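Notes for the structure review
Residue strings, one per chain:
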Amino acid sequence: RFDHDACGVGFVADAGGRRRADVVPLALTGLASLAHRGAFAADGASSDGAGLSLPLDAGVRRALGLPPSRSGVVVLFLPRGDDQQEAALRIVEAALRAEGLRWGGHRRVPVDPAALGAEARRSMPAIVQLTVVPGDRPWSGSAPFERAMVLARRQAERALREAGLPVSIPSASGRTMVYKGLVAGERLADFYPDLLCPLDASYALFHQRYATNTQPRWDLAQPFRRLAHNGEINTVRANREALRG
């Protein structure tokens, strides 16, 4: 009745810059504590989705083997077929190039499907991180680079949609990156072993989804690129009133 049927969201931040090594473990603990804010499929293990957004701080870059500065990461949820993956990567690379950016390498993100429920495993995409670096165009500061990342993502999304390729881009930024999926919050780090590495981060934003009006999908798990929100506040009362209406 009073907006209790909603997602769970929170963050941990190291305001003083002294305990960055504790931020991600604390965020994962917070996410695990939001189990009551999540929903599950009939298999009892396929969650509506959970995720973590991290800044691309020096400690995070170092742990993940990323260039130390002036670079970004594009996270992709790709179809599992090799041909579709190659076609999607070509489209993303062309969009980056159009904005004066260059693909600096990619990695298949290590995952453990055993952390998922059966339904989530059946729809699990291939998960790839692309490293993006400046091209030959001169860049003055981080804001133009970030703007180019946004424009490249939008172009890629449009081209992928027109090509009929089922691809989602959870994040594309020189400042942040996202780990998310149809996984229970307490099992996010089991699914993504990256999150068990020492990640010295200034903050971490976490989200456990409760999908009250949409079928759970990998791309709908939060956070969305930069933010997590508590938007689906569809209370029991609101649903009854909608039916009555």
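Each value, and the rule that gives it
- Residues numbered from 1 in each chain as written.
- Predicted model: local features only at pLDDT ≥ 70, side-chain atom pairs only at ≥ 80, totals over all residues.
- Heavy atoms only, no water.
- Helix = DSSP H or I, 4+ residues; strand = E, 2+ residues; numbered from the N terminus.
- Expected span 1.5 Å × (residues − 1).
- Buried < 20%, exposed > 50% of the residue type's maximum accessible area, 1.4 Å probe, protein only.
- Arc of directions from axis to C-beta.
- Contact = heavy atoms within 4.5 Å.
- Pairing = 2+ DSSP bridges.
- Axes fitted to C-alpha atoms, helices over the stretch in contact; angles between N-to-C directions.

Considerations on helix α3 (residues 82-98)
- Taking 1.5 Å as the rise per residue, α3 with 17 residues should run 24 Å; its terminal C-alpha atoms sit 24 Å apart, in good agreement.
- Listed as buried for α3 are Gln85, Ala88, Leu89, Ile91, Val92, Ala95 and Leu96. Along the long axis of α3, the arc covered by the buried residues comes to 160°, so they all point the same way. Within α3, the exposed residues directed more than 90 degrees away from the buried face are Asp82, Asp83, Arg90 and Arg97.
- For α3, the elements touching its buried residues are β3 (72-78), β4 (101-108), β5 (126-134) and α5 (142-162).

Some points on the sheet that holds strand β8 (residues 203-208)
- Taken in spatial order, the four strands of this open sheet run β1-β8-β2-β7, and their pairing is antiparallel. Each edge of the open sheet is held by one strand with a lone partner, namely β1 (8-13) and β7 (176-181). For this sheet the average axis-to-axis angle between neighbouring strands, irrespective of direction, equals 15°.
- As paired elements, strand β2 (residues 50-55) and β7 share six bridges and run antiparallel to each other. When the bridges of β7 are listed, Leu52 appears paired with Tyr179.
- The strands that helix α1 (residues 20-32) touches are β1, β2 and β8; relative to β8, the one it contacts most, it runs at about 15°.

Quick notes on the pairing of β3
- For β3, a buried count of seven out of seven residues is recorded, marking the element as mostly surrounded by other parts of the structure.
- Neither face of β3 is left uncovered, since the one carrying Gly72, Val74, Leu76 and Leu78 and the one carrying Val73, Val75 and Phe77 both have all their residues buried.
- Bridge analysis of β3 against β5 gives seven bridges, and the strand direction is antiparallel. By the bridge assignment for β5, Phe77 is matched with Ile127.

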